[in-house]
Amino acid sequence: MPEHVPLEQAAVLADAVSTPYGAVDTAGLRPAEAVGIWGLGGLGTHLVQLARICGASPIVALDPLPAARERALGLGADFALDPLDEATPDQLAEITGGHGLDVAFDCVGRGASVEQADRALGHRGRLVLVGLSADELDLGPELNFVRRRHTVVGHLGYRMKHLSDLVELVARGRLDVSGSVSAILPLEEAAEGVRRLREHDGDPIRVLLRP
């Protein structure tokens, strides 16, 4: 990392930012493509920023937590919706002019979010599974994958090239991850950091430990 980049910001690049950056690569995201992002934790929040850098339009962020949706709007999302709202499918259709999303990133990994993301895709839409859970996933009607030609692909981790790209973007001021450091705690308070993340205390993105 260049010397002018704070170590705290450099620390969140590995995994928290590089995994979603790798997911953008996996999706083959292109400018002006409509994107939906389900789950606005560390992965989804950074996906909003990266989709913006890539020129995606519109960018729709979805999360049940109002604070997470508000944060996504501040980071570049064009719309922020509650996936639990019964009106959300209709809103997604209206936002995309009835064409559906080009790419849907699921950072939750739950059956309900995956199904909703797939239904929001348009013709030849791509569903990228980034989140993990113990749920058994049901991808919905076969019709989506035959007639509408949907593609589903999983994504995990990143390559060194992804991390190198992010270092360049942060160093040049193209990507700002300063807001991703929600707290810095001493090593002996690791359990407290885990509690904050688990309970969404303060709606954290990443909690760092400083030995």
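In what follows, the structure referred to is the one given above.
Residues numbered from 1 in each chain as written. Predicted model: local features only at pLDDT ≥ 70, side-chain atom pairs only at ≥ 80, totals over all residues. Heavy atoms only, no water.

Student: I tried to follow the overall build of the protein on my own but got confused; where do I start?
Tutor: Looking only at helices and strands, one finds 8 helices and 8 strands in the protein. Against the compact-globule benchmark of 17 Å for 211 residues, the protein has a radius of gyration of 17 Å, which places it among compact chains. Seen through its C-alpha atoms, the protein measures out along the principal axes to roughly 55 × 35 × 30 Å. Contacts in the protein between residues far apart in sequence, at least 24 positions, make up 65% of those at least 6 positions apart. Accessible surface for the protein amounts to roughly 10800 Å². Of this, 52% is attributable to carbon and sulfur atoms. Taking the 20 positively charged and 30 negatively charged side chains of the protein as two groups, their mean positions are separated by 6 Å. (Helix = DSSP H or I, 4+ residues; strand = E, 2+ residues; numbered from the N terminus. Rg over C-alpha atoms; globule rule 2.2 N^0.38 Å. Contact = heavy atoms within 4.5 Å. Areas by Shrake-Rupley, 256 points an atom, 1.4 Å probe, with all protein chains shown as cover. Lys, Arg positive; Asp, Glu negative; His and termini not counted. Charge placed at Lys NZ, Arg CZ, Asp CG, Glu CD.)

Student: Would you take a moment to explain unusual backbone geometry for this structure?
Tutor: Generally, phi is negative for residues other than glycine and the peptide bonds are trans, each holding for most cases. Note that the residue after Ser57, namely Pro58, is joined by a cis bond; omega there is -5°. One non-glycine residue, Arg124, lies in positive phi territory at about 65°. You can see Arg124 is positioned in strand β5 (residues 121-129). When its relative accessible area of 46% is taken as the criterion, Arg124 is described as partly exposed. The backbone phi angle of His200 is positive, close to 55°, even though this residue is not glycine. (Buried < 20%, exposed > 50% of the residue type's maximum accessible area, 1.4 Å probe, protein only.)

None of the figures reported here should be taken as evidence of function without further support.
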